[in-house]
Amino acid sequence: MTSLIDINLNDTSKYRLIGDRVLSYRFAVPHDEEFYIGDILKITDTVKGLVFFAKVSDLIHDSNFSDPRWDTRPHTEHFYGLGEDVYILVEALPLGYVGDDERFRKPRTIPAKFARVERPSAEDFHFLRQVMGEIEVGVMKSGQGVLQDVKVSLHAAVMRQHMGVFATTGMGKSNFMKVFCASCMAARQFGLLIVDPHGEYVAGGRSSSGLPTKGLVHYQAGREGLAVFTIDESRRKKYGLNRLWLEYDDFRSPDLLLLYEHSDAQRDVIEKLEKYPGSDVIGFFEENEDLSDFDANAYTGEYRDIAWDLRNFSTKTLPVVQRHVESMVSRNRSFLRSKGSSIPEIIKALHENKVVLIDIPRMSEQSELFVLSILTREIMRRHQGEDAMCGSGGGSGEQKQVLIAIEEAQRVLGSGGQSTRIFRECAMEGRKFGVGICVVTQQPKNIDARVLAQLNTFVVMGLSDRGDRDTIASSAKQDLSRLDTEIQTLEPGEAVISTLRIPFPVSTRIHLFEEYIDELGRKPVRRPIDDGLDTSF
Ligand SMILES: Nc1ncnc2c1ncn2[C@@H]1O[C@H](COP(=O)(O)OP(=O)(O)OP(=O)(O)O)[C@@H](O)[C@H]1O
């Protein structure tokens with residue numbers, strides 16, 4: 001029989017490990033002890049000189065009585081009393097261990113039998129802090145509370161290996177993205193591109209629960225790490241932002257596939273036109289008023305090659321594509337013009353490791369996808385070439401890193417579909433060229449499984465749908481299946497984060513953006529120019 005009475009009365013904890021598995025610990029605590037799922041524990045193995053950390057994954061009532069039905073008999077309390085023979089069995093998941101060299105490692109060994117189990121103290125937290133990266137997003141949760149001293153930070157170097165942010169509406173996705181942006185502005189480790197059709201990231205607005213929120217321009221101390229390109233004149237003047245322009249040549253015919261449904265014949269036209277600069281394609285369709293009786297042999301206009309390539313298409317197909325091109329141009333008039341594009345400036349800002357926000361308030365979903373697809377293609381094109389091996393001045397040989405956020409990503413990364421080729425290409429090959437994607441979605445089960453398999457960082461916020469949780473559990477690189485209860489019970493603003501270089505899934509309370517930027521504002525911002533300088537007197 002296991003006694004809960006401690007042998008050494010001077011010892012700080014009387015709980016002892018009785019588990020028998022490398023990947024699952026177990027110990028007993030009195031029946032009235034307060035423990036919560038998610039509590040972080042420290043297990044000291046004095047035999048091997050190792051300190052293990054674990055997280056409570058289950059709580060089970062148990063007893064030492066041989067009668068298996070003792071607790072269902074009347075007057076149980078009277079016969080037995082609830083002394084030390086009745087207890088709670090606590091099951092815990094190992095996080096990792098620290099040895100003499102003070103390095104945190106994955107849990108590849110088991111603590112000694114009866115190793116001491118206790119709650120970690122403030123000094124123990126530096127072991128957990130050790131595994132964190134540069135992009136702070138919150139603090140580590142422990143059961144009902146948080147470990148204020150253990151900030152949860154993602155590693156910038158793994159962002160090119162793609163990230164997913166999964167949350168049902170109202171669970172704090174927008175807040176998370178803004179906190180992530182603010183940390184990227186402060187850390188300046190890679191460029192981050194976000195296209196915002198709701199205008200909420202720049203200057204805030206109202207959260208899904210109606211509360212007023214702030215935006216990235218309010219993080220004043222980090223402003224050097226932010227470049228906003230907007231179509232909103234009043235905002236541009238008020239906050240000193242850049243004007244967003246794209247030019248006809250930024251457009252390529254496959255962008256139409258994202259915006260409209262097409263028949264096979266119309267798709268063929270679009271493919272034929274892919275090799276032509278956007279200004280030629282737009283020029284061709286604008287110059288010909290009526291293509292319903294188009295005859296390539298009789299064509300006398302400026303775009304002979306295009307006319308010749310379209311010679312065999314039916315005169316029913318061409319007017320449809322023409323309508324789509326014209327509607328695309330007129331719909332996006334507020335930022336699309338024949339000459340003069342912001343793309344060089346956008347890419348420069350990304351390569352200066354800034355957060356680049358494309359602010360197109362009140363524009364349609366189609367315009368948002370249009371802009372995102374053009375920018376993604378251009379970033380990929382430049383990174384596939386030599387441009388990204390630079391430092392803006394050229395020659396340092398270091399590859400630039402860019403992360404592209406794709407909100408409501410199921411629209412463009414769902415299973416199947418030609419229309420989303422550029423995003424798919426980015427997910428499959430981007431990392432080789434330093435281009436990562438940040439897939440943000442409420443419906444992970446509707447994202448192509450091959451794309452999910454490419455994501456190496458998962459930020460899982462509350463997901464009410466079992467199918468969504470199962471999809472996440474089967475795609476994450478760390479085992480999240482045993483955290484299902486925790487994921488189901490996450491409150492708004494809480495997340496389970498599974499990422500490379502942090503050896504265990506971390507339960508996190510995401511910072512509230514408004515509080516976080518106040519806190520960041522009080523800290524000095526690290527500027528790339530300061531790297532390597534001794535800033536002391
Ligand atoms: N980390 C947090 N700490 C405290 N409160 C939070 C946190 N994150 C979100 N909230 C609160 O939860 C509510 C919803 O947050 P938010 O608007 O970010 O959700 P959302 O998932 O983006 O919603 P939607 O999908 O509808 O835009 C807000 O009122 C916000 O204040």
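Only a predicted model underlies this, so the values are computations on that prediction, with no experimental measurement involved. For every chain, the first residue of the written sequence is number 1, and numbering continues from 1 along that sequence. Only residues with pLDDT of 70 or above have their local features reported here, since the model is predicted, and side-chain atom pairs are shown and tallied only from 80 upward, although totals for entire chains, interfaces and linings are computed over all residues.

**Q** I would appreciate a short explanation of the overall build of the protein in the present structure.
**A** Counting from the N terminus, the helices are the DSSP runs of H or I reaching at least four residues and the strands are the DSSP runs of E reaching at least two. Within the protein one finds 18 helices and 21 strands. Over its C-alpha atoms, taken along the principal directions, the protein stretches across nearly 105 × 65 × 45 Å. Partly exposed residues are those whose C-beta has more than 12 but fewer than 20 other C-beta atoms within 10 Å; 20 or more makes a residue buried and 12 or fewer makes it exposed, with C-beta atoms placed from the backbone. Looking at the protein as a whole, 45% of its 537 residues are labelled buried. Residues are treated as contacting if the C-beta atoms built from their backbones sit within 7 Å of each other. Residue pairs at least 24 apart in sequence account for 71% of intrachain contacts in the protein once pairs closer than 6 positions are excluded.

**Q** What exactly am I supposed to notice about the site of the ligand here?
**A** Contacts to the ligand come from 16 residues, most closely from G172, S174, N175, S208 and G493. Looking at the shell around the ligand, the element that brings in the most residues is helix α3 (residues 173–187), giving three residues. Gly is put with the polar residues, along with every residue not named as nonpolar or charged; the nonpolar set is Ala, Val, Leu, Ile, Met, Phe, Trp, Tyr, Cys and Pro, and the charged set is Asp, Glu, Lys and Arg. Class assignment of the residues belonging to the shell around the ligand gives a composition of six nonpolar, nine polar and one charged. Nearness here is judged by the C-beta atom: place it from the backbone, and if it falls within 6 Å of a molecule or strand, the residue counts as near that partner.

**Q** Just to check I follow, could you spell out the sheet that holds strand β17 (residues 402–406) for this structure?
**A** Neighbouring strands of a sheet are bound in pairs by backbone hydrogen bonds; such pairs are parallel or else antiparallel. Within the open sheet, the twelve strands sit side by side as β9-β8-β21-β20-β19-β10-β18-β17-β11-β16-β12-β13. Their pairing is mixed. Of all the strands in the sheet, the pair left with one neighbour each is β9 (145–154) and β13 (242–243). Any two strands with at least two DSSP bridges between them are considered paired. Both strand β11 (residues 191–196) and strand β16 (residues 355–359) contribute to a ladder of five bridges, which runs parallel. Across the sheet, the residue bridging to D196 is D359, located in β16.

**Q** For this particular structure, what's the right way to read the UniProt feature "domain: Helicase HerA central" (unreviewed entry) in the protein?
**A** In this structure's numbering, the residues bearing the UniProt feature "domain: Helicase HerA central" (unreviewed entry) are residues 145–379. As a span, residues 145–379 carries 41% helix and 15% strand, and end to end its C-alpha atoms are 42 Å apart. UniProt positions are given in the numbering used here, feature names are shortened, and annotations may be inferred rather than shown by experiment.

**Q** Please explain unusual backbone geometry as it appears in this structure.
**A** Glycine aside, residues mostly have negative phi, and peptide bonds are mostly found in the trans state. Unusually for a residue other than glycine, R362 sits at a positive phi of about 65 degrees. Relative to the elements of secondary structure, R362 occurs in the loop between β16 and α12 (365–384). With 11 C-beta atoms counted inside 10 Å, the residue R362 sits in the exposed group. Even without glycine at this site, R501 takes up a positive phi of about 75 degrees. Here R501 falls in the partly exposed class, since 13 other C-beta atoms lie within 10 Å of it.

**Q** I'm lost on the domain arrangement of the protein in this one. Help?
**A** By convention here, the domain bounds are inherited from an automatic or database domain assignment. With domains assigned, the protein is organised as domain 1 (15–123), domain 2 (150–244 + 342–524) and domain 3 (249–331). Taking the mean C-alpha position of each, domain 2 and domain 3 sit 34 Å from one another. Every contact between the two is made by 14 residues of domain 2 and, on the other side, eleven residues of domain 3. Counting residues per element, the side of domain 2 that touches domain 3 draws most heavily on α12, which supplies eight residues.

**Q** Before we go on, may I ask you to explain the environment of E352 in this structure?
**A** Topologically, E352 is positioned in the loop between α11 (343–351) and β16. A residue is classified by how many C-beta atoms lie within 10 Å of it, and E352, with 17 of them, is partly exposed. Separated by 123 residues in sequence, E352 and F229 have C-alpha atoms that sit 15 Å apart.

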